[in-house]
Amino acid sequence: MDTLLLWLQPMLVAAFTLWGSPVTWLEIAALVLSLAMVVFNILVNPLGWPLAIAASLLYFVLFWQSKLYGEASLQLFFVAVAGWGWWQWLRGTQADGSALRVRGLGTRGRVAALAALAVAWPATALLLRSTTDSDVPWWDAFPTAASVIGQWLLGRKYVENWPTWLVVNVVSVALFAYKALWLTALLYAVFVVMSVIGWRAWARMAQR
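Residues numbered from 1 in each chain as written. Predicted model: local features only at pLDDT ≥ 70, side-chain atom pairs only at ≥ 80, totals over all residues. Heavy atoms only, no water.

## Observations concerning the packing of helix α2 (residues 25-42) against helix α3 (residues 48-65)
Our working definition: The convention used is that axes are lines fitted to C-alpha atoms, helices contributing only their stretch in contact, and that angles between N-to-C directions extend from 0 to 180 degrees. Helix and strand definitions follow DSSP, with helices as H or I runs of at least four residues and strands as E runs of at least two, each counted in order from the N terminus. Working definition: roughly parallel below 35 degrees, roughly antiparallel above 145 degrees, roughly perpendicular at 65 to 115 degrees, and oblique for all remaining angles. Here is the rule for handedness: rotate from the far helix to the near one, and if that takes an anticlockwise turn smaller than a right angle the crossing is left-handed, while a clockwise turn gives right-handed. Whether two residues touch is decided by their heavy atoms; if any such pair falls within 4.5 Å, the residues are in contact. We call Asp, Glu, Lys and Arg charged. Ala, Val, Leu, Ile, Met, Phe, Trp, Tyr, Cys and Pro are nonpolar, and the rest, Gly among them, are polar.
Where α2 meets α3, the closest approach of the two axes is 8 Å, and the angle between their N-to-C directions is 150 degrees. Taken as axis vectors, α2 and α3 run roughly antiparallel relative to one another. Taken as a pair, α2 and α3 cross one another with a handedness that is left-handed. Of the residues in α3, those in contact with Leu26, Glu27, Ala29, Ala30, Leu31, Leu33, Ser34, Ala36, Met37, Phe40 and Asn41 of α2 are Gly48, Leu51, Ala52, Ala54, Ala55, Leu58, Tyr59, Val61 and Leu62. Residue classes in the contact of α2 with α3 are distributed as 16 nonpolar, 3 polar and 1 charged.

## Notes on the packing of aromatic side chains
Keep this limit in mind: The pairing test for Phe, Tyr and Trp rings, Trp by its six-membered ring, is centres within 6.5 Å, and the orientation test on the planes gives stacked under 30 degrees, edge-to-face over 60, and tilted for anything in between. The rule is simple: take the accessible area with a 1.4 Å probe, protein chains only, and divide by the maximum for that residue type; under 20% is buried, over 50% is exposed, in between is partly exposed.
The tally for this structure, following the rule as stated, stands at 15 aromatic pairs. Consider the rings of Phe78 and Trp165, whose centres lie 6.2 Å apart with planes at 70 degrees: the pair is edge-to-face. With Phe78 in helix α4 (residues 69-91) and Trp165 in helix α7 (residues 161-178), this pair connects stretches of sequence that are 87 residues apart. According to the relative accessible area criterion, Phe78 is buried, its value standing at 11%. Given the relative accessible area of 12%, Trp165 is considered buried. Each ring, one from Trp139 and one from Tyr178, has its centre 5.4 Å from the other, and the planes form 45 degrees; the classification is tilted. Placement of the pair is Trp139 in helix α6 (residues 137-155) and Tyr178 in helix α7, with a sequence separation of 39 residues. On the basis of relative accessibility, which here comes to 29%, the residue Trp139 falls in the partly exposed class. Site record: aromatic cluster; members linked through ring pairs are Tyr59, Phe63, Phe176, Tyr188 and Phe191.

## Topic: the layout of surface pockets
As a reminder, the rule being used: Points on a 1 Å grid over protein atoms alone make up a cavity when a 1.4 Å probe fits among them but cannot get out, and a pocket when they form an open set with protein on both sides within 12 Å along at least five of seven lines; lining residues each have an atom within 4 Å of a point. Grid points are joined across faces, edges and corners, and a volume is the space filled by probe spheres set on the points.
In this structure, the largest pocket spans a volume of roughly 240 Å³. Contributing to the lining of the largest pocket are 13 residues, with Ala113, Leu114, Glu160, Pro163 and Thr164 lying nearest its centre. For the lining of the largest pocket, the elements supplying multiple residues, two or more each, are α5 (107-131), α6 and α7. Class assignment for the residues of the lining of the largest pocket results in 10 nonpolar, 1 polar and 2 charged.

Okay, structure coming up:
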């Protein structure tokens with residue numbers, strides 16, 4: 001980790017100050033890549049996945065420095081899952097063997113997703129509380145656990161990934177504001193709006 005921080009040192013320099021807190025070039029780069037990623041996701045364009053990999057690597061460093069270990073670890077998960085999601089969008093198939101298309105999850109699938117969250121959230125929070133010096137283990141754990149579910153839904157082109165991201169983004173805005181990561185908090189506020197746009201766009205695609 002120390003070697004990585006040394007290599008990224010030029011990007012860790014503050015570009016400007018926002019509401020009394022420094023905003024680094026690394027945070028700016030991660031923001032730009034993330035916005036582009038979500039635009040491509042809304043358009044169902046596979047190029048969003050390599051952008052997700054690059055943005056996640058940058059956010060891993062940013063969150064680790066801020067002691068948001070759940071969010072930091074989640075970024076490494078995102079890197080791995082982005083490779084899987086990229087392959088799914090290019091070569092993945094549905095149960096009948098046809099190419100993946102945008103579709104709804106169904107009632108049974110939604111119940112299963114909520115049940116998974118009910119287990120993953122407290123499990124992640126207890127892990128963070130017992131193994132790290134996080135000062136917000138439960139708050140950090142919720143978007144971490146929910147994002148895992150949202151990423152799987154996105155990779156399989158289920159419409160329900162967007163309401164999942166909507167909830168994750170709302171919670172994340174408050175979390176990053178608490179940590180004075182103001183630019184990232186603003187980014188996730190934009191993500192809230194983009195989640196609604198993506199939800200509506202994919203719902204129309206699913207109907208067609």
